[in-house]
Amino acid sequence: MDVLTWTVERRMYLAERAELLRKELAGIEVEVARLEAAEVVFGQWAEATDGGRQPCGIIEPEPEPEPEPEPEPVVAGPGAGGMRLVPDRVEGMGWRSSPRSTGGSWRSWPVRTVR
């Protein structure tokens with residue numbers, strides 16, 4: 001490998017590495033800025049409350065209530081929830097209104113088979 005090739009490869013490697021380090025440094029600087037802001041806020045709170053020995057006047061949040069137990073699932077079958085399986089009787093309705101009494105049979109009704 002000649003010197004020129006080595007120099008070009010080394011420069012490209014270092015340029016890529018420098019870019020990665022710049023990105024990492026930017027992330028670190030953001031975190032430092034956040035911590036500085038937190039220090040300022042905490043310092044103001046400590047001055048206002050004498051280091052936490054005096055109430056600051058901020059309302060403490062209420063503890064969260066315990067979650068209610070999950071209701072047991074309701075298994076609904078036919079007729080559950082007010083669903084009527086048999087219609088109301090009306091005037092003139094009797095045995096003759098059934099398919100069997102009119103000469104038909106329950107088996108003569110069309111049945112769809114699920115495959």
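The paragraphs below set out a description of the structure included in this document. (Residues numbered from 1 in each chain as written. Predicted model: local features only at pLDDT ≥ 70, side-chain atom pairs only at ≥ 80, totals over all residues. Heavy atoms only, no water.)

**Topic: the overall build of the protein chain**
Stage number 1. What the protein chain contains, in helices and strands, is one helix and zero strands.
Stage number 2. The buried share among the 115 residues of the protein chain stands at 3%.
Stage number 3. Accessible surface, the protein chain: about 12,000 Å² in total, of which carbon and sulfur atoms supply 59%. (Helix = DSSP H or I, 4+ residues; strand = E, 2+ residues; numbered from the N terminus. Buried < 20%, exposed > 50% of the residue type's maximum accessible area, 1.4 Å probe, protein only. Areas by Shrake-Rupley, 256 points an atom, 1.4 Å probe, with all protein chains shown as cover.)

**A word on the pattern of salt bridges**
Stage number 1. The full count for this structure, using the stated rule, is one salt bridge.
Stage number 2. Ionic pairing is found between Glu19 and Arg22, a salt bridge with its closest N-O pair at 3.1 Å. Linking Glu19 with Arg22, this pair stays in helix 1 (residues 3-49), spanning three residues, or about one helical turn. (Salt bridge = Lys/Arg side-chain N within 4 Å of Asp/Glu carboxyl O.)

**Structural notes on the packing of aromatic side chains**
Stage number 1. Inspection of every chain in the model, using the stated rule, returns one aromatic pair.
Stage number 2. On the basis of an interplanar angle of 35 degrees and a centroid distance of 5.4 Å, the ring pair of Phe42 and Trp45 is categorised as tilted. In this pair, Phe42 and Trp45 both sit in helix 1, three residues apart, roughly one turn of the helix.
Stage number 3. Here Trp45 falls in the partly exposed class, since its relative accessible area comes to 35%. (Phe/Tyr/Trp six-rings, centres within 6.5 Å; stacked < 30°, edge-to-face > 60°.)

**With respect to a nonpolar patch on the surface**
Stage number 1. On the surface, Leu4, Val8 and Met12 cluster together into a nonpolar patch covering about 280 Å² of accessible area.
Stage number 2. Within the secondary structure, Met12 sits in helix 1.
Stage number 3. You can call Met12 partly exposed: its relative accessible area is 45%. (Patch = residues over 30% accessible without salt bridge, like charges linked within 9 Å, V, L, I, M, F, W, Y side chains within 5 Å.)

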